[in-house]
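Survey of secondary and tertiary structure
Here are the chains, one letter per residue:
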Amino acid sequence: MARERSTSTSTSQLDIQKEPHNLNLKVVRLSRPSLNQHYPLPHPSLCPTQSPEYSVLHQQSLAYPSHPETQFILSPALTLPPAFVNAYIGESFSCLLSANNDSEVTITGVRITAEMQTPSLTQTLELIIPEDRQSIVDLRPGESMQRIAKFDLKEEGKHVLGVTVTYSSPPKRSGDAQELDMGNMRARSFKKLYQFPAQQCLIVKTKAGELPGGHAILEAQLENNGDGPISLEEVVLAPKKGWKSTSLNWDIDGEGARTTPLLRPRDVMQVAFLLKPDKSAKKEEDPQSERVVLGQLSIEWRSSCGERGYLSTGSLTAKRLRV
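Description of the structure in this document.

Let's shift gears to the overall build of the protein. Each helix and strand counted, the protein has 2 helices and 19 strands in total. In the protein, the proportion of contacts linking residues at least 24 apart, taken out of those at least 6 apart, comes to 74%. Of the roughly 21,100 Å² of accessible surface on the protein, 50% is carried by carbon and sulfur atoms.

Enumeration according to the criterion identifies 4 salt bridges in this entry. Of the charged contacts in the structure, one is a salt bridge between Lys191 and Glu115, with a shortest N-O distance of 3.1 Å. One end of the pair, Lys191, is in strand 11 (residues 186-199); the other, Glu115, is in strand 6 (residues 107-117), with 76 residues separating them in the sequence. Here Glu115 falls in the partly exposed class, since its relative accessible area comes to 28%. Across the pair Glu219 and Lys207 runs a salt bridge, and its minimum N-O distance is 4.0 Å. With Glu219 in strand 13 (residues 216-224) and Lys207 in strand 12 (residues 202-210), this residue pair connects regions lying 12 residues apart in the sequence. Here Glu219 falls in the partly exposed class, since its relative accessible area comes to 30%.

On to the sheet that holds strand 14 (residues 230-239). Here we have 4 strands laid out as an open sheet, ordered 16-14-18-19, and antiparallel in their pairing. Two strands close off the open sheet at either side, each with one partner strand: strand 16 (262-263) and strand 19 (308-319). Bridge count for strand 14 against strand 18 (residues 291-303) is 9 bridges, and the pairing is antiparallel. Bridge assignment links Pro239 to a residue of strand 18, and that residue is Gly295.

Let us look at the packing of aromatic side chains. According to the stated counting rule, one finds 1 aromatic pair in the structure shown. With a centroid separation of 4.5 Å and an interplanar angle of 10°, the aromatic rings of Phe93 and Phe196 are classed as stacked. Placement of the pair is Phe93 in strand 5 (residues 92-101) and Phe196 in strand 11, with a sequence separation of 103 residues. The class of Phe93 is buried, set by a relative accessible area of 4%. Since its relative accessible area comes to 4%, Phe196 is described here as buried.

Across the sheet, 3 strands lie side by side as 1-5-9; this open sheet has antiparallel pairing. Two strands close off the open sheet at either side, each with one partner strand: strand 1 (23-29) and strand 9 (144-152). Pairwise comparison of adjacent strand axes, ignoring direction, gives a mean angle of 20° for this sheet. Note that strand 1 and strand 5 share 7 bridges and pair antiparallel. Of the residues in strand 5, the one forming a bridge with Lys26 is Ser98.

Among the nonpolar cores identified, the biggest contains 29 residues, and Leu23, Leu97, Val110, Ile112, Leu125, Leu161 and Val165 are the most heavily contacted of them. Taken together, the elements giving at least two residues each to this core come down to strand 1, strand 5, strand 6, strand 8 (137-139), strand 9, strand 10 (157-169) and strand 11. Of all the elements, strand 6 adds the most residues to this core, at 5 residues. If we ignore the near neighbours within four places in the chain, the residues touching Leu125 are Ala114, Glu115, Met116, Ala149, Lys150, Phe151 and Leu161. Listed in part, the 26 residues of the second largest apolar core include Leu218, Leu237, Trp243 and Trp301.

Before going further, it helps to examine the pairing of strand 19. Of the strand pairs in this sheet, strand 18 and strand 19 are connected by 10 bridges, and their pairing is antiparallel. Pairing of Ile299 across the sheet is with Leu311, part of strand 19. Counting the residues between successive antiparallel strands, the hairpin from strand 18 to strand 19 contains 4 residues, one of them, Gly306, with a positive phi of roughly 95°.

Let us now look at unusual backbone geometry. The backbone phi angle of Arg266 is positive, close to 75°, even though this residue is not glycine. One can find Arg266 in the loop between strand 16 and strand 17 (268-277).

Residue position: Leu125 is located in the loop between strand 7 (122-124) and strand 8. Judged by its relative accessible area of 9%, Leu125 is buried. The sequence separation of Leu125 and Thr113 amounts to 12 residues, and the corresponding C-alpha distance is 7.6 Å.

Turning to the environment of Asp227, a few remarks are in order. For Asp227, the position within the fold is in the loop between strand 13 and strand 14. For the pair Asp227 and Cys201, spaced 26 residues apart in sequence, the C-alpha to C-alpha distance is 8.5 Å. Apart from the residues within four sequence positions on either side, Asp227 is in contact with Asn86, Tyr88 and Pro265.

Conventions used here
In every chain, residue numbers begin from 1 and rise along the written sequence. Selection of residues for local features in this predicted model requires a pLDDT of at least 70, selection of side-chain atom pairs for listing and counting requires 80 or more, and totals for whole chains, interfaces and linings are taken over all residues. Only hydrogens and water are set aside; all other atoms, that is, all heavy atoms of the structure, feed into the side-chain values. For the purposes of this entry, the term helix denotes a DSSP run of H or I that reaches at least four residues, the term strand denotes a run of E that reaches at least two, and both are numbered from the N terminus. Contacts are assigned to residue pairs that have any heavy atoms within 4.5 Å of one another. Surface accessibility in these figures is a Shrake-Rupley result with a 1.4 Å probe; residues are shielded only by whichever protein chains are displayed. We count a salt bridge whenever a side-chain nitrogen from Lys or Arg sits within 4 Å of a carboxyl oxygen from Asp or Glu. Relative accessibility thresholds used throughout: buried, under 20% of the residue-type maximum; exposed, over 50%; partly exposed, between the two (1.4 Å probe, protein chains only). In this scheme, strands are said to pair when DSSP sees at least two bridges between them. Here the aromatic set is Phe, Tyr and Trp, taking the six-membered ring for Trp, and pairing holds for ring centres within 6.5 Å; pairs whose planes are under 30 degrees apart are stacked, those over 60 apart are edge-to-face, and all others are tilted. To get an axis, fit a line to the C-alpha atoms, keeping to the stretch in contact for a helix; angles then go from 0 to 180 degrees between the N-to-C directions. We define a nonpolar core as any set of buried Ala, Val, Leu, Ile, Met, Phe, Trp, Tyr and Cys residues linked to one another through side-chain atoms lying within 4.5 Å.

Printed below as a string of structure tokens:
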């Protein structure tokens, strides 16, 4: 039964709603770093007429320092995105949710929940909690709690991440009160929304044709629609029952080693598969239908720093073949 919305609110409830929250929420997207671009100066040996200070400037312009005190030489060569980067279908969206106690009192019963709203549904997210922590904690002044949310992007369009924080806090200290009444805790909560779009990283176009002998050829055009290069790890066709599939692509080279093509932004690559009737398996299809299902295409890729992506097409069909 739907609840009836209240038309009146007490003065004390209005005061609680207007009172600032004791916690603040920070949401940071987790993403892998990218390689930083450096423009080193020419080596001092190539510029003998330069001043002695030039060698110092040359060292500072290198992609990584050569000073003996440096313990981790990769830190200057890697960079984090300065802002929220694009979210692509097929990749996992990960973010860190942090609730921080900026007040001067202990906050009890702190809990974080999250949900993701996509163009077609709203899904509650299962947050990752460290093994030595609990889902509900108490925070002393200056302490914080963190949770990690992950969501596999499968739809194109607007996504909204909703994060809710619930907690209990002592009542506001009056002018004459010197101590807080910890036995009279108030339950409070607030919610924040974060909106971002999800777009296609790979644009897939397919075409099927008939060959003599009842065979078929399936072609697919893969275009990198992202803003960075990607490495194609695998392109596989899972044939429908009654068909055998043979890849005509880069899977195995002449020496038996595995290769991975690189697609830069807006690059296009053609892949193809040869399908033959499998006489050992009976086809599952409607004889009255004008089209026949050939199979499903699965594509797996990685970004420049190893971010994994996966995309699976729907059932690919073609005009009925004369087998």
